[in-house]
Amino acid sequence: MALRYLSTGGLAAIRRPRPSDEAEFVAAARRSRPLHHPWLSAPDTPEAYATYLGWIRRRNHAGYLICDRAGGAIAGYVNISGILLGALRGGYLGYAAFLPYSGTGHASAGIGLVVRHAFDVLGLHRLEANIQPGNEPSRRIARKLGFRLEGYSPDYLFIDGAWRDHERWAITAPDPT
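Figured I'd write up the structure that's included with this text. Just so it is clear, the model here is predicted, and its values are computed rather than measured.

**Things to note about the sheet that holds strand 7 (residues 148-159)**
Next, step 1: The strand order 1-2-3-4-5-6-8-7 describes an open sheet built from 8 strands, whose pairing is mixed. The outermost strands of the open sheet, each flanked by one partner alone, are strand 1 (7-9) and strand 7. Between one strand axis and the next, the sheet turns through 25° on average, direction left out of account.
Next, step 2: As judged from the 8 bridges shared by strand 7 and strand 8 (residues 162-172), these two strands associate in the antiparallel manner. Opposite Tyr 152, over in strand 8, you have Glu 167 as the bridge partner.
Next, step 3: Packing of helix 3 (residues 46-56) onto the sheet brings it into contact with strand 3 (62-68) and strand 4 (74-84), and relative to strand 4 it is tilted by some 45°.
Next, step 4: Its contacts with the sheet place helix 4 (residues 106-120) against strand 1, strand 2 (12-15), strand 3, strand 4, strand 5 (90-97), strand 6 (126-131) and strand 8, and it is angled at close to 45° to strand 2.

The following block contains the structure:
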């Protein structure tokens, strides 16, 4: 079955996760544990992946796989959570690269595709990425994609057994005029 991508650009393509991606996703998450610790815990069991699929199919969430454009392998993933429409039209962006694609440009290309998709297709106006201050790779991606640092949130999210401080980075849709 040919893969259908939502968007392609540079090294990356994005698509929605499927149940049939379980084995590849779980293996990539397990392989990448040292890369992600202590910043996040990717779904690294079949049960966690099934829960993840249910979570991103909720009305106020969306999930995307970043794929290597040349071979189709899963290079990372991006989530938009807490999507609100109405006057805000925004959500929270989370992302992770998988080994061996970390540092290759796949993540920034794929996240950029998701940001454009969120603005152009989902109709969102604002995306916020909350990043732990020591997570320099994520901070670098946010800067590269045009996110601006808006503030600091002490004890913002409970990750890896502790409340973690986060920087608030945000981007808004370009003005159509």
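**What to know about unusual backbone geometry**
Next, step 1: Cis geometry marks the peptide bond from His 37 to Pro 38; its omega dihedral reads 5°.
Next, step 2: Note that Pro 38 resides in the loop between helix 2 (33-36) and helix 3.
Next, step 3: Here Leu 99 and Pro 100 are connected by a cis peptide whose omega angle stands at 10°.
Next, step 4: Within the element layout of this structure, Pro 100 appears in the loop between strand 5 and helix 4.
Next, step 5: At Arg 89, a residue that is not glycine, the phi angle is positive and equals roughly 50°.
Next, step 6: Its location among the elements puts Arg 89 in the loop between strand 4 and strand 5.
Next, step 7: A relative accessible area of 37% places Arg 89 in the partly exposed class.
Next, step 8: If you check the backbone angles, Asp 160 has positive phi at about 55° while not being a glycine.
Next, step 9: The residue Asp 160 is located in the loop between strand 7 and strand 8 in this model.

What counts and how
Residues numbered from 1 in each chain as written. Predicted model: local features only at pLDDT ≥ 70, side-chain atom pairs only at ≥ 80, totals over all residues. Heavy atoms only, no water. Pairing = 2+ DSSP bridges. Helix = DSSP H or I, 4+ residues; strand = E, 2+ residues; numbered from the N terminus. Axes fitted to C-alpha atoms, helices over the stretch in contact; angles between N-to-C directions. Contact = heavy atoms within 4.5 Å. Buried < 20%, exposed > 50% of the residue type's maximum accessible area, 1.4 Å probe, protein only.

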